[in-house]
Structures are given as structure tokens and as C-alpha cells.
Amino acid sequence: MQNDNHGSSTQRIQQAYSPHSLEQLGHHLVEQLAAHLAELQQGKHAVLNWNTPDENLAVARETLSSSALDVPDLERFQKLISIAISRGHNLHHPRYIGHQVAASVPLAGLFDALGSITNQVMAIYEMGPWATSVERALVEAWGETFGHSRGNFTGFITHGGSLANLTALLTARNVVFPQSWEQGFAGSSKPPVLIAHADAHYCVTRSAGILGLGTAQVVKAELNDKRQMDPQKLDDLLTSLRAANSPIMAVSSAACATPIGAFDAIDDIADVCEKHAVWLHVDAAHGGGTVFSSRHRHLVHGIDRADSFICDAHKMLFMPALCAFVFYKNPAHRYETFQQEAPYLFDPSQPNMAAVDSGVATIECTKRAASYGLWGVWSMFGPELFGEIIDKTFALTKSLYGMLTEAVDFAPLHVPQANILVFRYLPDQKFNMNSQQIGELNRSIRRRIVESGEFYIVQTNLDGSGALRVCVMNPLTEETHLLQLLDSIRKTAAELLNE
């Protein structure tokens with residue numbers, strides 16, 4: 001019996017590591033995915049394959065059961081892929097116009113697979129020599145596009161905008177308050193404050209809690225009528241805080257803020273922060289990619305003046321998630337984030353390696369080679385591709401704004417600066433609905449459309465009531481799809497109002 005078990009175990013290991021199986025199954029995977037993407041581009045299938053959590057969980061449990069192992073490898077593999085596709089979210093569908101998650105460039109996934117299959121990881125250079133080199137080259141290339149000169153700035157890649165913002169703000173805390181890493185803020189006569197764009201992503205407030213400031217110490221900077229941070233009111237706020245001897249950790253600006261895609265006037269904000277000697281951080285997770293567009297790069301003008309800023313390649317560079325960049329204007333700040341020793345990892349006989357070991361600067365110790373997809377696409381198509389996709393999606397959003405403006409039964413709630421647009425469907429006045437009822441109607445419209453699989457859009461709350469929000473994140477979306485969206489909203493509204 002022991003020999004039989006040993007033989008079975010050996011066979012499983014050999015199958016799991018078989019290059020032949022990788023070749024065979026990999027070929028079928030690419031075939032299935034290519035066919036699926038082709039069908040999506042023709043508008044086939046639901047955008048969101050809606051099933052309840054319990055329904056999907058039951059299927060997921062069944063795939064893990066021992067009975068599934070009775071099927072031959074190829075048949076089992078194809079079935080698993082089919083299940084995943086049929087129950088997933090189809091972001092590459094041209095009627096996906098929802099969250100700030102890209103319909104990623106498909107070829108990027110092949111380069112990501114290269115890193116995943118060979119398990120290229122990073123922490124120290126010798127564990128991921130090529131991954132480290134690719135990351136450094138991309139940081140240099142993107143940073144130079146922003147206006148920095150090589151050798152006079154630094155940066156790295158981490159897993160997502162939330163972690164990127166947290167890391168940059170941790171660096172700000174340690175630079176502004178040098179004793180905070182070891183001693184925290186115990187004994188401080190006044191707790192420091194973090195000034196944030198009033199529409200800042202919730203991860204900024206989370207960061208304040210994690211960093212020991214406390215969420216109550218986040219001061220919301222006032223906005224103008226375009227929901228941008230108001231530089232003059234920021235100046236007044238910093239003046240009053242300085243006069244009261246209140247310690248200031250940083251100002252966190254936005255390019256662009258999530259609710260309506262508003263870009264702060266970064267140059268003006270930088271002037272104010274320099275006047276008051278305050279660390280400026282810019283959350284450009286969504287909007288940082290606009291620097292590759294000659295038409296829209298003005299939206300992030302002045303970002304090179306920020307002490308720190310972040311950008312997500314998995315947003316406006318249309319890469320698979322997650323691939324987030326952190327940039328520091330002062331290269332020395334890379335070493336201020338953490339003040340720890342790990343002698344088993346960081347070799348004191350090679351102190352110069354601290355400049356390239358990613359584990360010195362990131363919250364992760366081991367991290368995946370998140371840059372492979374971006375590296376591959378950039379190397380194959382050049383950075384011009386990113387600007388072209390941005391121009392296309394921004395233009396589509398402006399077209400939708402025009403459609404909404406001309407329609408009597410819709411109201412756009414702002415002029416879009418980017419590919420984000422918030423609006424409401426307005427029912428006929430005969431229904432005598434107040435603003436709250438109209439907001440709830442819009443939420444109900446969205447829920448029914450999403451569950452039908454026809455479109456994927458999201459909802460938000462603006463000016464006190466519900467609204468519809470779209471983010472054009474697929475360059476294969478066309479104006480005809482946007483017109484279909486308005487018709488679908490009208491049809492769904494009529495059904496709900498009749499009910």
C-alpha cells in the first residue's frame with residue numbers, strides 16, 4: 001500500500017510539473033481565451049454574468065470536490081476554464097462602462113504569465129534580477145515622462161493604489177516626524193493632521209488610521225465648484241494651522257479624484273505647499289497615465305513638483321491588475337520609509353544593493369513581478385499606445401456628455417475632465433418625484449441593468465442623492481454603445497415606473 005501511495009504521489013507531482021502538460025493545456029487556454037475575446041468584441045454574452053454569491057460558491061465548492069478528479073486532465077482543464085469564463089466579469093465587453101478597472105491589453109497577460117509560470121519574485125536583486133531591472137527601467141521611463149531627470153528621483157512598483165498611497169504617506173510621516181517610526185506620536189502636545197482633498201479616495205483616510213494619526217486627524221480641504229481642491233482656501237487653512245502650531249504631516253491632492261474625475265491644479269497647490277514648507281503628495285492613481293497624451297498631459301502639469309505621487313498602470317495604462325507606481329522627488333526619501341534590519345535578507349557585504357533591492361522600500365517583502373505586462377506592451381508598441389487609448393476613452397466620455405446634454409430626460413452633473421461621468425435619469429414631471437426619489441430610481445435602474453447583463457455601470461451619491469456613474473475603460477467601446485445605454489436606461493425606467 002505504501003508503494004502504491006508513493007507511486008500515485010510521484011505521478012501527481014510529475015503531472016503537475018510536466019512541461020508537456022503546460023504546452024498542451026496552455027495551447028487550449030489561449031484558444032479558449034482568444035475565442036472568448038473575439039465573441040465579446042462582437043457584443044456577444046452578458047457583460048456581468050450575474051449569479052448570487054451562494055450560487056457561485058456552490059459551483060466553486062463542486063470544482064474542489066474529489067469527483068472532479070475522475071475526468072481526464074484536458075477535459076477537466078477545459079471545463080474549469082469554461083466555468084471561470086462563464087461566471088466571471090467581462091471587462092473586455094464594449095458595454096462594460098463601469099469601475100476604474102481597465103479592459104486590459106490582452107497581450108499583457110501573456111507577459112504576466114511569463115512571470116507567474118517561472119515565479120519571478122522580488123525583494124532582493126538576486127531573487128529577481130530581471131524583474132528588478134525591468135521595474136527600474138519602467139520607473140525611470142515613466143518618471144522622465146513626468147519631467148524628472150534620471151538619477152534625481154526614485155520610485156518603485158507595489159500592489160495597488162491603496163498600498164502605494166499608504167507607502168508614500170508613511171514616507172512623508174517619517175520624513176516630517178523623524179522619531180515617529182520608533183516612538184509614534186506618544187507624548188505629542190498636538191496630534192499631527194493630514195490635509196486631504198475632500199473627495200479623496202477612502203484609502204487616504206485608511207492610511208491615516210494605519211499610520212497612527214487617527215482618521216479624525218484628516219482635515220478635508222475645501223473644493224471649488226468643479227470639485228477641485230481650492231488653492232486659496234488651502235493657503236488659508238495652512239496659515240491657520242501654522243498659527244495654531246498644529247503639526248502638519250502632508251497635503252494629499254488628487255489627479256483625479258474618484259467621484260467625478262476632477263484634477264487638482266497641481267502647480268497652484270505646489271506653490272501653496274512650498275510657501276508653507278508642507279509635504280505635497282498627489283494621488284494620481286487614475287490620472288497619471290494622461291502624461292502620455294499630448295492632448296491631456298496638461299491635467300497633471302506640475303506633478304513633478306510633488307514630494308511624492310502615485311500612478312496605477314492598471315488604470316489608464318490599461319494593464320492587468322495590480323501594478324501601481326510610487327515616485328519620490330528626492331531619491332533619499334526611498335530609505336526613510338522603513339528603518340529595519342533583516343540580515344538574512346539584506347547582505348551587508350553588498351551595501352550598494354540597497355539602491356536596487358525592492359524590499360528596502362516596499363511594504364511587501366516578497367512581491368510578484370508586477371511589471372512584466374507593462375514592460376512587454378511598452379516594448380512591443382511603445383508608449384504612444386497609452387496616449388492613443390486615453391484619447392479614445394476621453395473622447396467617448398465627452399461624446400456621452402453631449403448626448404446627455406441634448407436629452408431632456410437626462411442631466412449630466414459635471415463637465416468631464418477625464419473618462420468619468422456622473423449623471424441622472426430624470427423621470428417625467430407627472431410622476432412628481434423629489435430628489436431623493438429620483439436618486440433611488442436611478443439606483444434601481446442601475447441594479448436591474450447590471451443584473452440583466454446588458455451593460456455594466458455603477459452608482460454613486462452626489463449632492464445628497466443617488467446618481468449613475470460611468471467610466472469608459474474599454475477603447476473598443478463606440479458611440480453606438482453609449483446610445484444603446486441611454487435607450488436601456490429609458491426602457492428600464494419605464495418598467496420600474498409602471499411597476
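Residues numbered from 1 in each chain as written. Predicted model: local features only at pLDDT ≥ 70, side-chain atom pairs only at ≥ 80, totals over all residues. Heavy atoms only, no water.

Considering helix 10 (residues 231-243)
Logical step 1: With 13 residues, helix 10 should reach 18 Å at 1.5 Å per residue; the first-to-last C-alpha distance of 18 Å fits that figure.
Logical step 2: Leu-234, Asp-235, Leu-237, Leu-238 and Leu-241 are the residues of helix 10 that are buried. End-on view of helix 10: buried residues confined to an arc of 165°, all on one side of the axis.
Logical step 3: Residues of helix 10 that are buried make contact with strand 3 (193-197), strand 4 (218-221), strand 5 (248-254) and helix 11 (266-275).
Logical step 4: In this structure Asp-230 caps helix 10, since a side-chain oxygen of it lies 3.0 Å from the backbone nitrogen of Gln-232.
Logical step 5: Immediately beyond the C-terminal end of helix 10, within one or two residues, lies Asn-245, with a positive phi of roughly 60°. (Helix = DSSP H or I, 4+ residues; strand = E, 2+ residues; numbered from the N terminus. Expected span 1.5 Å × (residues − 1). Buried < 20%, exposed > 50% of the residue type's maximum accessible area, 1.4 Å probe, protein only. Arc of directions from axis to C-beta. Contact = heavy atoms within 4.5 Å. Polar contact = N/O pair within 3.5 Å; in protein donor to acceptor, adjacent residues only side chain to side chain.)

Quick word on the layout of surface pockets
Logical step 1: The volume enclosed by the largest pocket comes to roughly 1,100 Å³.
Logical step 2: The wall of the largest pocket is formed by 34 residues, among which Leu-29, Val-30, Leu-33, Gly-109 and Leu-110 lie closest to the centre.
Logical step 3: Every element with two or more residues in the lining of the largest pocket is listed here: helix 1 (2-16), helix 2 (19-41), helix 4 (73-87) and helix 5 (106-117).
Logical step 4: Grouping the amino acids of the lining of the largest pocket by side-chain chemistry returns 21 nonpolar, 11 polar and 2 charged. (1 Å grid on protein atoms, 1.4 Å probe; cavity = no way out; pocket = protein on both sides within 12 Å on 5 of 7 lines; lining within 4 Å. Points joined across faces, edges and corners; volume = space filled by probe spheres on them. Nonpolar A, V, L, I, M, F, W, Y, C, P; charged D, E, K, R; others polar.)

Structural notes on the nonpolar core
When a protein is soluble and globular, its nonpolar side chains tend to lie buried together.
Logical step 1: Judged by nonpolar contacts, the single largest core of 68 residues is most densely connected at Trp-142, Val-251 and Phe-325.
Logical step 2: In contact with Phe-325, not counting residues within four places along its chain, are Leu-138, Val-139, Trp-142, Phe-156, Ile-157, Ala-164, Phe-309, Ile-310, Cys-311, Ala-313 and Leu-374.
Logical step 3: Judged by nonpolar contacts, the second largest core, of 24 residues, contains Leu-404, Phe-410, Leu-441 and Ile-445. (Core = buried A, V, L, I, M, F, W, Y, C linked by side-chain atoms within 4.5 Å.)

Focus on the side chain of Thr-492
Logical step 1: You can see Thr-492 is positioned in helix 16 (residues 479-498).
Logical step 2: Taking relative accessible area as the criterion, Thr-492 reaches 7% and is therefore assigned buried.
Logical step 3: A polar side-chain atom of Thr-492 sits 2.8 Å from the main-chain carbonyl oxygen of Ser-488.
Logical step 4: Residues within four places of Thr-492 in sequence aside, it is in contact with Ile-445, Arg-448 and Ile-449.

Side note on empty space enclosed by the protein
Logical step 1: For the coordinates displayed, the defined rule picks out 1 cavity of 30 Å³ or more.
Logical step 2: Volume-wise, the largest cavity comes out at about 50 Å³.
Logical step 3: Taken together, His-197, Asp-199, Ala-200, His-201, Val-204, Ser-252, Ser-253, Ala-254, Cys-256, Ala-257, Thr-258 and Asp-283 make up the full set of residues lining the largest cavity.
Logical step 4: It is strand 5 that provides the largest number of residues to the lining of the largest cavity, a total of 3 residues.
Logical step 5: Taken together, the residues of the lining of the largest cavity break down into 5 nonpolar, 5 polar and 2 charged.

A short note on helix 13 (residues 372-381)
Logical step 1: Within helix 13, burial applies to Tyr-372, Gly-373, Leu-374, Gly-376, Val-377 and Trp-378.
Logical step 2: In this structure, the buried residues of helix 13 make contact with helix 5, helix 6 (129-146), helix 12 (313-316), strand 8 (324-328) and helix 14 (384-406).
Logical step 3: Backbone geometry just downstream of helix 13 places Gly-382 in the positive-phi region, at approximately 80°.

Some details on the sheet that holds strand 5
Logical step 1: The 7 strands are arranged 2-8-7-6-5-3-4 in an open sheet whose pairing can be described as mixed. Because the sheet does not close on itself, it has two edges, and the strands there are strand 2 (154-158) and strand 4. In this sheet, adjacent strand axes meet at a mean angle of 20° when their direction is disregarded.
Logical step 2: Against the sheet, helix 9 (residues 202-210) engages strand 3, strand 4 and strand 5, with an angle of about 175° to strand 3. (Pairing = 2+ DSSP bridges. Axes fitted to C-alpha atoms, helices over the stretch in contact; angles between N-to-C directions.)

A few points about the pairing of strand 3
Logical step 1: Among the 5 residues in strand 3, 5 count as buried, and that is most of the element.
Logical step 2: Here 4 bridges tie strand 3 to strand 5, and the two strands are oriented parallel to one another. Each residue of the ladder has a partner; that of Ala-196, found in strand 5, is Ser-252.
Logical step 3: The pairing of strand 3 with strand 4 spans 4 bridges and is classified as parallel. By the bridge assignment, Leu-194 is partnered in strand 4 with Val-218.
Logical step 4: Handedness of the crossover is the feature at issue here: the chain leaves strand 3, passes through helix 9, returns alongside strand 4, and the resulting connection is right-handed. (Right-handed = clockwise from strand over helix to strand, strands pointing away.)

Some details on the sheet that holds strand 12 (residues 458-462)
Logical step 1: The 4 strands are arranged 10-11-13-12 in an open sheet whose pairing can be described as antiparallel. Lying at the two open borders of the sheet, with one neighbouring strand each, are strand 10 (410-412) and strand 12. Within the sheet, the average angular offset between the axes of one strand and its neighbour, ignoring direction, is 40°.
Logical step 2: When strand 11 (residues 420-425) meets strand 13 (residues 465-471), the two strands line up antiparallel, connected through 4 bridges. Bridging across to strand 13, Leu-421 finds its partner in Val-470.

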